[in-house]
Amino acid sequence: MMESLVSRITELRAQLENWGRAYYEADAPIVEDAVYDAAFRELEALERDYPELKTPDSPTQRVGGRALEKFAPVTHVVPMLSIQTETDVTAAGAVAFDARVRKELELPETAALVEYSAELKFDGLAVSLRYENGLLAQGATRGDGATGEDVTQNLKTVRDIPLRLLCAVGEAPPPLLEVRGEIYMCRDDLARFNEKAKARGEKTLVNPRNGAAGSIRQLDPAIAAARPLKFFAYGLGAVEGWMPPETHAALLDALVAFGLPVCAYRAVALGATALAAFHDRMGQMRAEIPFEFDGVVYKVNRRDWQMRLGFRSREPRWAVAHKYPAEEAQTRVEAIEVQVGRTGAITPVARLQPVFVGGVTVTNATLHNEDEVHRKDVRVGDVVIVRRAGDVIPEIVGSVPEAGVARAVPFALPATCPECGSHIAREEGGAIARCTGGLVCPAQIKGAILHFAQRRAMDVEGLGDKLVDQLVAGGLVKTPADLYGLGVSQLAALARMGKKSAKNLVASIEKSKTTTLARFIFALGLKNVGESTAQILARHFGNLEALRTADAEKLIAIPDVGEIVAESIRGFFAEPHNLEVIARLRKKGVQWAETEGATLTTGGLAGKTFVLTGTLSSLSRDEAKALIEAAGGKVSGAVSRKTRYVIAGKAVGSKLEKARELGVEVLDEAGLRVLLAEVEQG
Ligand code: IVH
């Protein structure tokens, strides 16, 4: 009886760990929730009836108990140190650190290059895990480095953290092993968590770091359990009865063997050049790596040299953090204004006290729409976190509460357009408010003209923002067709315009008359029809008349055209004033080549989506994209089940992993060339 009970309990535990891992770590559940729940309840009941069979590493121990009154203090026998930050974010940072290490080790100039363990600097919360005889006995925060808080209950809810260390058969676990590492969150997990929170009307998490740190320091373990937290091990605390390997890199391997998660983005680097190369490479991969890190960490690899180098106050001399320029910064909101876009969309924009972030000085940040302002609860006078990653438009992440400061009233959208005084209306069920002024709203006219003239559309050189302002304000231009009636003397009379620039402008307006169908369609500024959709439409229909008369069914049949785009196209051509503008443009001499259409989009790579990752050897990304698109294929940024091929070059990252996970076919550059050649031959 007891024997079969033990084997049932063992089976349940193994199943639950396995299912849990698939669900939480791989995000690919292998059983229904109900099956998991039933097994969980059965195990709980057995452990309640036979408490002698309960073990501390049972999956039931992950759920956490009741909320605590407060956290108990934990003394760190081996203090949790901080790391010195190299101030120079360029390669010189790596050189400076290496030079210091060599000097402090008193290595002669002729000595071999120093070996380092190069790792990522995770942006989360540092914790210490205490394993006694292989079982997770206690988890603590760093606190002030000497004393932290006992957050065992919360840490047990983190699926990545093993409750029991793995050991080779016949080997006993170390009597004591303290593992140091970082609790963090993946960007995707955070986004998914926030989506669900939003749907339930609950507060969202500002960023992964706050999400990770905030949940571990909550007294109620249910909060941590509900959040997709992860863990990476990167070092040791107190150890008894186990001899760590001689190098830091080998130590990390040993931690992996114990079943602890260690980040795979790490390297052993010889000398400063290799360190700087690692810093660079990881910097380039930053957007692809699924979690945030604010820099890299270099550690002298030999542990005996680490001891020799020792510490200075609370920082080891054998390690340094080499950061990247910050992507987030704090500043104050001076005002919230609204901007009117080309389609009349009203966008709230925060005017900020200038702040340096992501490599530029930011003074404005979009707040997207009214709902977003309320969800983030951003008000005039607030201190906010501003984010600018890569080349994206600066964004406000959220407000930072300030104790004892009275806040301004919540933002409200104006009832009328600040540009033309027309009503602002919000589409039913939609988030976007629009000015109803249409062709009488100068902001919309101006937006339409700038869109029409931009380089990727009609390419009218020299028609800038300020000039369009004057043309619209002076009533000289009401529609794009009016551009083609402008004369030199008219233009020369405008502010900041001489005869010469007026002549040049008239010449470039004249030059823009000969264009392609794709550019013309894009230039018209149909809602939801961007550059690539315009190209697809031009290729498919070959002439404007065929596009104008296409019904919804015909439009939706085109790959990449959905109901919303089809609706926009139908709506645009149903408006007489739009047709009139097109007729006037043609009359003024705007022209493009027309064909019968429908060639490539129905053959070749039509309907197939590609994702490019890594560096290809003979093609740039743009070239590869152009070749694929020319053959009718589509290039997307993220791998999903809809991806047909992933084209992988050198130094690939998470996209390749994702492709393997989803079973998406992976080709190298040669494979892509074969595919394109096949298409060409039909
Ligand atoms: S080692 C050697 N390695 O950085 C000193 N720390 O200022 C012990 N951190 O809050 C830390 N990634 O949590 C080390 N790969 C990494 C790290 C890392 C992030 C954090 C750590 C602490 C801070 C140190």
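The shown structure was predicted, so the numbers you read here are calculated from the model rather than taken from an experiment.

**Student:** Give me the lowdown on the sheet that holds strand β8 (residues 230–240), citing residues and values where you can.
**Tutor:** Pairing within the open sheet is antiparallel, and its 4 strands lie in the order β5-β4-β7-β8. With partners counted over all chains shown, the strands left at the sheet margins are β5 (135–141) and β8, one partner each. For this sheet, the mean inter-axis angle between neighbouring strands, taken without regard to orientation, is 25°. Where strand β4 (residues 125–132) lies against β5, 6 bridges are found, and the strand directions are antiparallel. Along β5, the bridge assignment pairs Glu132 with Leu135. Packed onto the sheet, helix α8 (residues 248–257) meets β7 (176–184) and β8 and runs at close to 105° relative to β8.

**Student:** Residues and numbers for the sheet that holds strand β23 (residues 609–613), please.
**Tutor:** Pairing is parallel in the open sheet, where 4 strands are placed in the order β24-β23-β25-β26. Each edge of the open sheet is held by one strand with a lone partner, namely β24 (634–636) and β26 (665–667). Here the average twist between neighbouring strands, direction ignored, is 35°. The sheet contact formed by β23 and strand β25 (residues 643–648) spans 5 bridges and is parallel. Looking across to β25, one finds that Leu612 is bridged to Ile647. Each of β23, β25 and β26 touches helix α23 (residues 654–662); the most contacted strand, β23, lies at about 140° to it.

**Student:** An account of the environment of Arg641 is needed here, citing residue identities and associated values.
**Tutor:** Along the chain, Arg641 falls in the loop between β24 and β25. Expressed as a C-alpha distance, the spacing of Arg641 and Leu12, which sit 629 residues apart in the sequence, is 32 Å.

**Student:** So what's going on with the site of the ligand? Which residues, and what values?
**Tutor:** Taken together, 13 residues lie near the ligand, and Ile83, Leu120, Glu182, Tyr234 and Lys299 sit nearest. In the model, an oxygen atom of the ligand is placed 2.8 Å from a nitrogen or oxygen of the Ile83 main chain. Within the side chain of Glu182, an N or O atom sits 2.3 Å from an oxygen atom of the ligand. Taken by itself the ligand offers 520 Å² of open surface, and the protein chains cover 88% of this. Secondary structure elements with two or more residues in the shell around the ligand: β3 (115–122) and β10 (293–300). For the shell around the ligand, the leading source of residues is β3, giving 4 residues. Its residues assigned to classes, the shell around the ligand comprises 8 nonpolar, 1 polar and 4 charged.

Cut-off values and rules
- Residues numbered from 1 in each chain as written.
- Predicted model: local features only at pLDDT ≥ 70, side-chain atom pairs only at ≥ 80, totals over all residues.
- Heavy atoms only, no water.
- Pairing = 2+ DSSP bridges.
- Helix = DSSP H or I, 4+ residues; strand = E, 2+ residues; numbered from the N terminus.
- Axes fitted to C-alpha atoms, helices over the stretch in contact; angles between N-to-C directions.
- Contact = heavy atoms within 4.5 Å.
- Near = heavy atom within 4 Å.
- Polar contact = N/O pair within 3.5 Å; in protein donor to acceptor, adjacent residues only side chain to side chain.
- Areas by Shrake-Rupley, 256 points an atom, 1.4 Å probe, with all protein chains shown as cover.
- Nonpolar A, V, L, I, M, F, W, Y, C, P; charged D, E, K, R; others polar.

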